Amino acid sequence: GENVEQHPSTLSVQEGDSAVIKCTYSDSASNYFPWYKQELGKRPQLIIDIRSNVGEKKDQRIAVTLNKTAKHFSLHITETQPEDSAVYFCAASWMDSSYKLIFGSGTRLLVRP
Amino acid sequence: GAVVSQHPSWVICKSGTSVKIECRSLDFQATTMFWYRQFPKQSLMLMATSNEGSKATYEQGVEKDKFLINHASLTLSTLTVTSAHPEDSSFYICSARVTGAYEQYFGPGTRLTVT
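Residues numbered from 1 in each chain as written. Chains lettered and ligands numbered in written order. Predicted model: local features only at pLDDT ≥ 70, side-chain atom pairs only at ≥ 80, totals over all residues. Heavy atoms only, no water.

Q: With reference to specific residues and values, describe the overall build of chain B.
A: Helix and strand counts for chain B come out as 0 helices and 11 strands. Ordered by position from N to C terminus, the α and β elements of chain B give β-β-β-β-β-β-β-β-β-β-β. The C-alpha atoms of chain B give 13 Å as radius of gyration, which agrees with the globular expectation for 115 residues (13 Å, within 12%). Considering chain B as a whole, with its 115 residues, one finds that 50% of them fall into the buried category. At a minimum sequence separation of 6, the contacts of chain B that also span at least 24 residues come to 54%. Only carbon and sulfur atoms are counted for the fraction: they give 53% of the accessible area of chain B, which is about 5500 Å². Here chain B contributes 10 positively and 9 negatively charged side chains, and the mean placements of these two sets differ by 4 Å. (Helix = DSSP H or I, 4+ residues; strand = E, 2+ residues; numbered from the N terminus. Rg over C-alpha atoms; globule rule 2.2 N^0.38 Å. Buried < 20%, exposed > 50% of the residue type's maximum accessible area, 1.4 Å probe, protein only. Contact = heavy atoms within 4.5 Å. Areas by Shrake-Rupley, 256 points an atom, 1.4 Å probe, with all protein chains shown as cover. Lys, Arg positive; Asp, Glu negative; His and termini not counted. Charge placed at Lys NZ, Arg CZ, Asp CG, Glu CD.)

Q: I'd like a description of the pairing of strand 2 (residues 10-14) of chain A, backed by residues and values.
A: Residues and elements named next belong to chain A. Taking every second residue as pointing to the same face, the buried face of strand 2 carries Leu 11 and Val 13, while none of Thr 10, Ser 12 and Gln 14 on the other face is buried. Relative to strand 11 (residues 107-112), strand 2 runs parallel, the two sharing 5 bridges. Residue Ser 12 lies in a different strand from strand 11, and its bridge partner there is Leu 110. (Pairing = 2+ DSSP bridges.)

Q: So, the packing of aromatic side chains: which residues are in play, and what are the values?
A: By the definition in use, this model includes 14 aromatic pairs over all chains. Ring plane angle 40 degrees and centroid distance 4.7 Å describe the contact between A:Tyr25 and A:Phe33, whose orientation is recorded as tilted. Judged by its relative accessible area of 6%, A:Tyr25 is buried. For A:Phe33, a relative accessible area of 0% puts it in the buried group. When the ring of A:Tyr99 is compared with that of B:Tyr102, the centres are 4.8 Å apart and the planes differ by 75 degrees; the resulting orientation is edge-to-face. (Phe/Tyr/Trp six-rings, centres within 6.5 Å; stacked < 30°, edge-to-face > 60°.)

This is how it looks when you write it as structure tokens:
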């Protein structure tokens, strides 16, 4: 089955710096890659997603890149702010699996003021 | 739009009892609902996938006789934890999706504590 690996497990950056989180997946059939932000005790919140027919997608300070050949995708956050501090999860999904999501292990991002 | 609710938001029960958690899609019809479990400082682990009117598909290692899932309508799925034990204490989150869409909409989660 699909396996998603996520690095780093923790990331500390200075406010205003950029943060990059990387994920790799194992199943080449995966074709949907969402990123979630989760604050303590709350539901995951979709922040950006990308389909396999696209190499890059950007939404203001957040961008995601996908390399299908290497089977990895990355989340880029620019001009980080303290409110970006949270746990971020990547995930992978594919149509033939009823679109179920397999999550990475998570990255705890701390933005220092 | 695309709101998913869960009830209760938290529950405390005694070891050996059963607990039912409801997941509702409030403003859309959910073809498929998913149940996840999340232990402290860990990721979301998919427990099962349920389609309206059919039996749930459980992930490897998840006991289907212990975690009973019912998806009786396009807006409601329930998870019953039977004969709960302290090790079942966790954060249970449901999600729902509509036909043809990849995106899943997550419920707020239910914190279960078994004493």
